[in-house]
Amino acid sequence: MAGRNFLFVPGPTNVPDRIQRAMMVSMEDHRSPRFPQLTQTIMAGLREVFRTQSGTPFVFPSSGTGCWEAALTNTLSPGDKVLASRFGQFSHLWIDMCERLGLDVQIVDCEWGTGVPLQQYQDILKADTQHQIKAVLVCQNETATGVASDVAGVREALDEAVHPALLFVDCVSSLGCLEFRFDDWGIDMAVSGSQKGFMLPAGLGILCASPKALAMYPSSKLKRAYFDLPDMIQSNATGYFPYTPALTLMYGLVEALKMISEEGLDNIIARHHYLAEGVRAAVTQGWQLKLCAKEQRWHSDTVSAVMLPEGIAGTEVIARAYHRYNLSLGGGLSKVAGKLFRIGHLGDMNEIHLMAAINGAEMAMLDCGVKLQPGSGAAAAGNYWRTHEAPSGLCAMPKPQGAQSDATRPNPALSSR
Ligand SMILES: *Cc1c(COP(=O)(O)O)cnc(C)c1O
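A brief report on the enclosed structure follows. (Residues numbered from 1 in each chain as written. Predicted model: local features only at pLDDT ≥ 70, side-chain atom pairs only at ≥ 80, totals over all residues. Heavy atoms only, no water.)

## So, the overall build of the protein chain
Basically, it comes down to this: Helix numbers and strand numbers start at the N terminus; a helix is a DSSP run of H or I with at least 4 residues, a strand a run of E with at least 2. Both definitions apply: the radius of gyration is a C-alpha atom measure, and the globule rule equals 2.2 Å times residues to the power 0.38. Note on classification: 1.4 Å probe, protein chains only; a residue is buried when its accessible area is under 20% of the maximum for its type, exposed when over 50%, partly exposed between these limits. Any two residues whose heavy atoms approach within 4.5 Å at even a single point are treated as in contact. In this description, accessible areas are obtained by the Shrake-Rupley approach with a 1.4 Å probe, and a residue is regarded as covered only by the protein chains that are shown. The positive count covers Lys and Arg only, the negative count covers Asp and Glu only, and His and the chain ends enter neither. Throughout, a charge is located at the NZ atom of Lys, the CZ atom of Arg, the CG atom of Asp or the CD atom of Glu.
For the protein chain, the helix and strand inventory stands at 14 helices and 14 strands. The C-alpha atoms of the protein chain give a radius of gyration of 22 Å, which matches the 22 Å a tight globule of 417 residues would have. Its C-alpha atoms give the protein chain principal-axis dimensions of about 70 × 50 × 45 Å. Per-residue burial for the protein chain yields a buried fraction of 56% across its 417 residues. Across the protein chain, every contact between residues at least 6 apart in sequence was considered, and the portion connecting residues at least 24 apart equals 73%. When the accessible surface of the protein chain is split by element, carbon and sulfur atoms take 52% of a total near 17,900 Å². Of note, the protein chain has its 35 positive side-chain charges centred 3 Å away from the centre of its 40 negative side-chain charges.

Structure below.
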């Protein structure tokens, strides 16, 4: 097949060439004297990305799901009460894991397309005067619906209620893309993975634990073995791992951390917002379709879930995009299966790359009978990007000192209208 597959599922994301090359290494002895330097470089870099000084990062050879388990089993005991809200497939799956592990989950079911219900969380926490709730779970970015939630708001709700519960955050599809502040938001466990914002293949579970979370270990009675944090802490302290680490992925992670540091977290966050705004312009202004996210405050800057009109099967649009145009879009999961498709716009991404997704999705929708103006998606996204200042990470050439900003430079296409 000629040309490349255009990958826009919201994970795994595109792996930059630099990272692919960094992973082309010969195997080495993971007990060698030079190995600890690799571990230390990774841990220091992860602290920066989590924005933490007090937190301890962990890297497991697993996917993100493994770190969901690590967070729970190293802190809680069977029958412990946890508070969680469900508004999409990923928030659902974490709750499902809690239940399988024997935790007592107080579930707040919310409409899919909405996010963490802050007021309800606050009311529940205030009413829990006996402090039976041991942990509060938040899925910062619900990848199934393209909804981002207010984690700082959950911290405020806990503080407002003067509640000591631990705060656990799933940031698998948001870390390194959306604002995330482990220390400032008083997070106790943050769960992530390698294949989304870190632009790596799947295979590393990435976790960060607060001193308060680590102090729970001696009293927590859930069973754990592979994901035992003290085993990891003991080995990591000397720069090693309790078992064979995923060497190639770790070299990839070093390169990813380098790229993140070169662009700067603030620039990366701004870039994700700017790119997402263009995609949302294509969806709502161009195609006149709705996002699954019900309100602007819930718009995710890493993934957009596009609702299809009644009578159009999302599975057909996705199949058409894949078979005819070699474009991989994300499907609808569970409750929203068949009703939407998703465009992942996280990780290694720029405007023109996204134009492929917008145009490809548009062609597939037209082929499947969706009534929309051909070219309208690209026109709306293009107008947004051309009239807004591009975050620095997107420009191939640095702007000369004192040069006119891109946003104020007259745009001939617009002024000739
Ligand atoms: C992808 C994802 C997960 C699952 O991660 P795996 O690496 O597939 O185990 C969990 N939560 C969210 C929000 C995700 O996007």
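## Considerations on the side chain of Thr13
Condition: In the analysis that follows, any N or O atom pair within 3.5 Å is treated as a polar contact, provided that within protein one partner can donate a hydrogen and the other can accept it, and provided that, for residues neighboring in sequence, both atoms belong to side chains.
Within the secondary structure, Thr13 is located in the loop between strand S1 (6-8) and helix H1 (17-22). At 3.0 Å, the side chain of Thr13 and the backbone oxygen of Lys196 are in polar contact. Setting aside its immediate chain neighbours within four residues, Thr13 contacts Leu7, Gln195, Lys196, Met199 and Leu346.

## Remarks on the packing of aromatic side chains
The cut-off we apply is this: The pairing test for Phe, Tyr and Trp rings, Trp by its six-membered ring, is centres within 6.5 Å, and the orientation test on the planes gives stacked under 30 degrees, edge-to-face over 60, and tilted for anything in between. The rule for a charge over a ring is simple: NZ of Lys or CZ of Arg within 6 Å of the ring centre, and within 35 degrees of the ring normal.
Inspection of every chain in the model, using the stated rule, returns eleven aromatic pairs. Relative to Phe180, the ring of Phe50 lies with its centre 6.1 Å away and its plane at 65°, an arrangement referred to as edge-to-face. One end of the pair, Phe50, is in helix H2 (residues 35-50); the other, Phe180, is in the loop between strand S8 (166-170) and strand S9 (189-193), and 130 residues separate them in sequence. Take Phe50 and Phe180: they sit in the same class, and that class is buried. Members of the aromatic cluster, connected to one another through ring pairs, are Phe50, Phe180, Phe182 and Trp185. Sitting over the face of the ring of Phe90, Lys196 holds its NZ or CZ atom 5.3 Å from the ring centroid. Over the ring of Trp298 we find Arg297, and its NZ or CZ is 3.9 Å from the ring centre.

## Overview of the sheet that holds strand S2 (residues 56-60)
Rules: By this definition, two strands are paired if DSSP reports at least two bridges between them. The axes are straight lines fitted to the C-alpha atoms, using for helices just the contacting stretch, and the angles between their N-to-C directions are given from 0 to 180°.
Here seven strands make up an open sheet; going across it, the order is S2-S10-S9-S8-S5-S3-S4 and the pairing mixed. In the strand order of this sheet, the two ends are held by S2 and strand S4 (104-109), each with one partner. Geometrically, the sheet is characterised by an average inter-axis angle of 20° between neighbouring strands, direction not taken into account. In the sheet, strand S3 (residues 81-86) pairs with S4 via six bridges, with the strands oriented parallel. Counted as the bridge partner of Ser85 is Val108 from S4. Across the sheet, helix H8 (residues 229-236) is in contact with S2, S9 and strand S10 (205-209); its angle to S2 comes to roughly 100°.

## Considerations on the environment of Thr244
Looking at the element boundaries, Thr244 is found in the loop between H8 and helix H9 (247-263). Taking the relative accessible area as the measure of exposure, Thr244 reaches 54% and is therefore exposed. Distance from Thr244 to Val162, taken between C-alpha atoms, is 43 Å for residues 82 residues apart in sequence. Discounting chain neighbours no more than four positions away, the residues touching Thr244 are His30 and Pro61.

## Side note on the sheet that holds strand S11 (residues 290-291)
Strand order in the open sheet formed by three strands is S11-S12-S14, and the pairing between neighbours is antiparallel. The open sheet has two edge strands with one neighbour each: S11 and strand S14 (340-344). Here S11 pairs with strand S12 (residues 303-307) via two bridges, running antiparallel. Across the sheet, residue Leu291 finds its bridge partner in S12, namely Val306.

## Here's the deal with the site of the ligand
Quick reminder of the rule: Near, as used in this document, describes a residue that has one of its heavy atoms within 4 Å of the molecule or strand being considered. Here the nonpolar group is Ala, Val, Leu, Ile, Met, Phe, Trp, Tyr, Cys and Pro; Asp, Glu, Lys and Arg are the charged ones; every other residue, Gly included, is treated as polar.
Neighbouring the ligand are 13 residues, the closest being Ser63, Thr65, Thr143, Asp170 and Lys196. In the model, a nitrogen atom of the ligand is placed 2.6 Å from a nitrogen or oxygen of the Asp170 side chain. Between the ligand and the protein, one listed contact pairs an oxygen atom with a side-chain N or O atom of Lys196 at 2.6 Å. Burial of the ligand by the protein chains amounts to 89% of its free accessible area of 380 Å². Among the residues making up the shell around the ligand, the classes are represented as four nonpolar, seven polar and two charged.

## Side note on the side chain of Ser210
Among the secondary structure elements, Ser210 is positioned in the loop between S10 and helix H7 (211-214). Exposure remark for Ser210: the relative accessible area of 5% places this residue in the buried category. With sequence-adjacent residues up to four places away left out, Ser210 is seen in contact with Phe182, Ile187 and Asp188.

## Quick notes on the pattern of salt bridges
This is how it is decided: We count a salt bridge whenever a side-chain nitrogen from Lys or Arg sits within 4 Å of a carboxyl oxygen from Asp or Glu.
A complete count under the given rule lists 18 salt bridges for this structure. The residue Lys294 makes a salt bridge to Glu111 at a minimum N-O spacing of 3.3 Å. A residue pair is termed long-range when its members are at least 10 positions apart, and Lys294 in the loop between S11 and S12 and Glu111 in the loop between S4 and helix H5 (118-127) qualify at 183 residues. We note a salt bridge from Asp159 to Arg155, for which the minimum N-O separation is 3.0 Å. One end of the pair, Asp159, and the other, Arg155, are both in helix H6 (residues 151-160), four residues apart, so they sit about a helical turn from each other. Arg155 gets classed as buried once you look at its relative accessible area, which sits at 14%. Several salt bridges converge on common partners, so that one network encompasses Arg51, Glu179, Arg181, Asp184 and Asp266.

Distances and angles like these do not, on their own, reveal function.
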